[in-house]
Amino acid sequence: MALHTTNPTKTASWSKLQAHYNQLQAVTMLDLFQADAARTAQFNLKWNDFLLDYSKNRINQETIELLLELANEVGLKTAIADYFDGALINQTENRAVLHTALRAKETAVIHVDGINVVPEIYEVKAKIKAFTNEITLGERKGYTGKPFTDIVNIGIGGSDLGPAMAVEALQFYKNHLKVHFVSNVDGDHVHEIIKKLNPETTLFVIVSKTFTTQETLTNSETIRKWFLQTATQADVAHHFVAVSTNMQKVTEFGINPDNVFPMWDWVGGRFSLWSAVGLSISLAVGFENYDALLSGANEMDDHFKTTPFDQNIPVILALLSVWYNNFFGAESEALIPYTQYLQKLAPYLQQGTMESNGKSVGRDGKPVDYQTGTIIWGEPGTNSQHAFFQLIHQGTKVIPADFIGFVKPLYGDEDHHDKLMSNFFAQTEALMHGKSEAQVQAEFDKQGLPADKAAFLLPFKVFAGNKPTNTILIEQLTPKSLGSLIAMYEHKIFVQGIIWNIFSFDQWGVELGKQLANSILEEINSKTIQNHDSSTSFLLNHFLTNK
Ligand code: F6P
């Protein structure tokens, strides 16, 4: 069934939200906390080992009620049911969107074209499990009889970012295998990785849904050439495996069909780490941990599917994001995990969020006349505090930020963890409270600063405060909690797309650059520059003359 089309700005709730915004914009969060000391009790959600405190936002009860009204007016409930039931909601590609099926329980029944896909999913999972065990236990060996020591994931976009992020995030749970990622078509990237490898003990996992992606094929060919300097063509079948929907191209590459892990066109690249695209995760941390990641995501799916919207974490996060994006004019959102393990979360969610919701045409085929996709960026705290926090604290832009922290560290180093978490709590407090002129002046008085110096410095030392944050506090970083966290953001993206009336599951915007790059490559190869604008011709000529 097609998704319902509603221009959100034409709904009754949108007009009410606009009027409400006009009233609330002059009210600070400190005013709201002063008016209602019990505010946090009203604006927090507890679920499994997650705690979301969203009280440090520029909202009151009416804001939430109006945003919930908006969710109802755009038909979010039906859209969620369609999403989980495998309706063809990726309408521009005529596909279902069923990454949630990949982490469903074995007893679930989910139909695509009238066929229950769950048994097929579990067959592939069994294959991932058996393969992981053979490699990690050293039962499957390289062409000289030695066990594998290194894994190289060759893929880009969703075929790289998810596995790379999860392997980094789950480093604590890692086994002896060294896992590398090659993505960029930049030859220096692949050559830097190759120089660390021994062909006798390296397994290559080529991940490409289409098996036509220039970067992945070029890197795979370069690696195969390097491999064949010491091994034979027949050895390729033992050292190269693939994850793809394109069986023909994979076998043409020389991969043994037994070593192909299938995926399906109803899994979008940026949501594919739950499929065999996650093979390198399973190899890195073992199948049980990989499966726990999936079950964490499945639990978040159940929460999202069944919980009333006012208690529903992804729904609340999405509504808050719409509130800032469309009423406060916030263009970006920061994502600040207080763990070094999640250093690749922001780049991963950049694809998830910006490839999904970076759209300017509505589901009715007409240009939208309101803002859609937010810009996502971020780095772990405390490093980011010493990098870009200045702009969040004292810059001119509204940047809502998610602070993600964990109650327990993994190595049990309480000294470090208490310092880390004191920063975590201090920052959201500082962002909300700011520092008033009176507070700054009192500090100057205490230091005995001369009046002229104090008068000069005062405006620079004031913090306006009133900067919104969400605090997501999780018990511990485990494969399961990581799965829930990723799924939480996936569903937030879905809700935003439904409200903004756009198609979140295609990515036509990445095609034009690819097309032009192909024709420019021909021009570079033939050293004949065709007609371009004067800037592009000038640059190409400079490149060809100087290369
Ligand atoms: O460039 C966009 C994209 O299509 C992504 O959506 C996808 O994750 C990536 O390219 C890689 O595609 P493939 O897995 O087919 O190589």
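Criteria and cut-off values
- Residues numbered from 1 in each chain as written.
- Predicted model: local features only at pLDDT ≥ 70, side-chain atom pairs only at ≥ 80, totals over all residues.
- UniProt positions renumbered as here; feature names shortened; annotations may be inferred.
- Near = placed C-beta within 6 Å.
- Nonpolar A, V, L, I, M, F, W, Y, C, P; charged D, E, K, R; others polar.
- Buried ≥ 20, exposed ≤ 12 C-beta atoms within 10 Å, placed from the backbone.
- Helix = DSSP H or I, 4+ residues; strand = E, 2+ residues; numbered from the N terminus.
- Core = buried A, V, L, I, M, F, W, Y, C linked by C-beta atoms within 7 Å.
- Domains from an automatic or database assignment.
- Contact = placed C-beta atoms within 7 Å.
- Pairing = 2+ DSSP bridges.
- Axes fitted to C-alpha atoms, helices over the stretch in contact; angles between N-to-C directions.
- pLDDT = per-residue confidence, 0-100.

As recorded in an unreviewed UniProt entry, the chain goes by the name Glucose-6-phosphate isomerase, listed as coming from Flavobacterium restrictum. Taken verbatim from the UniProt record of the chain, the Catalytic activity (unreviewed entry) comment is "alpha-D-glucose 6-phosphate = beta-D-fructose 6-phosphate". Its UniProt record, at the heading Sequence similarities (unreviewed entry), says of the chain: "Belongs to the GPI family."

Looking at the ligand, there are 14 residues lining it, with G157, G158, S208, T213 and G269 nearest. Partitioned by chemical class, the residues of the shell around the ligand number two nonpolar, nine polar and three charged.

Another aspect to go through is the UniProt feature "active site" (unreviewed entry) in the chain. UniProt annotation of "active site" (unreviewed entry) refers to E355, H386 and K514 when read in the numbering used here. A maximum C-alpha distance of 36.8 Å is found for the annotated residues, which run over 160 residues; spatially they are spread out rather than grouped. Under the C-beta neighbour-count criterion, E355 is labelled buried, with 22 such atoms within 10 Å. By secondary structure assignment, the location of K514 is in helix α21 (residues 511–526).

Among the nonpolar cores identified, the biggest contains 135 residues, and A166, V205, V243 and L319 are the most heavily contacted of them. It is helix α20 (residues 479–500) that provides the largest number of residues to this core, a total of 12 residues. Inspection of this core shows a minimum of three residues originating in each of domain 1 (8–74 + 307–433 + 468–506) and domain 2 (99–290). Ignoring anything within four residues of it in the chain, the contact list for V205 reads I151, V152, N153, I154, V241, V243, L279 and S280.

Further remarks concern the domain arrangement of the chain. Here the chain is partitioned into domain 1 (8–74 + 307–433 + 468–506), domain 2 (99–290) and domain 3 (509–546). Computed over C-alpha atoms, the centres of domain 1 and domain 3 are 41 Å apart.

Locating M1 in the fold gives a position in the segment before α1 (12–24). For M1, a count of 11 C-beta atoms within 10 Å puts it in the exposed group. In this structure the C-alpha to C-alpha distance between M1 and Y83, which are 82 residues apart in sequence, comes to 9.9 Å. With residues near it in sequence (within four places) discarded, M1 still touches D82 and A87.

This part is about the sheet that holds strand β1 (residues 44–47). Taken together, six strands build an open sheet; the order of strands is β1-β2-β13-β12-β10-β11 and the sheet is mixed. In this open sheet, the two edge strands, each paired with only one partner strand, are β1 and β11 (375–377). Neighbour to neighbour, the strand axes of the sheet diverge by 15° on average, direction disregarded. Relative to strand β13 (residues 469–476), strand β12 (residues 401–408) runs parallel, the two sharing seven bridges. Counterpart to I404 in the pairing with β13 is I472. With respect to the sheet, helix α17 (residues 414–433) is in contact with β12 and β13, its orientation differing from that of β12 by roughly 150°.

Okay, the pairing of β12 next. The element β12 is extensively covered by neighbouring structure, given that six of its eight residues are classed as buried. Across four bridges, strand β10 (residues 332–337) lies against β12 in parallel orientation. Across the sheet, I336 pairs through a bridge with F403, a residue of β12.

Within the secondary structure, F84 is located in helix α5 (residues 76–85). The sequence separation of F84 and A101 amounts to 17 residues, and the corresponding C-alpha distance is 7.7 Å.

The subject of this paragraph is the sheet that holds strand β7 (residues 202–207). Strands sit in the order β6-β5-β7-β8-β9 across an open sheet of five strands; the sheet is parallel. Each edge of the open sheet carries a strand with a single partner, namely β6 (178–182) and β9 (260–262). On average, each strand axis in the sheet is tilted by 20° relative to the strand beside it, whichever way the strands run. Inspection of the sheet shows strand β8 (residues 240–244) paired to β9 by three bridges, in the parallel sense. Among the inter-strand pairings, A242 is bridged to a residue of β9, identified as V260. Relative to the sheet, helix α9 (residues 214–227) contacts β5 (150–154), β6 and β7, its axis offset from that of β5 by approximately 145°.

Residues with a pLDDT of 70 or more make up 100% of the chain, whose mean pLDDT is 97. Our summary of model confidence lists the complex with pTM equal to 0.98 and ipTM equal to 0.97.

Glycine aside, negative phi is the norm for most residues, and most peptide bonds take the trans geometry. Backbone torsion omega between G381 and T382 reads 10°, so that peptide bond is classified as cis. Relative to the helices and strands, T382 is located in the loop between β11 and α16 (389–394). Phi at K527 is positive, roughly 55°, even though this residue is not glycine. Its location among the elements puts K527 in the loop between α21 and α22 (534–546).

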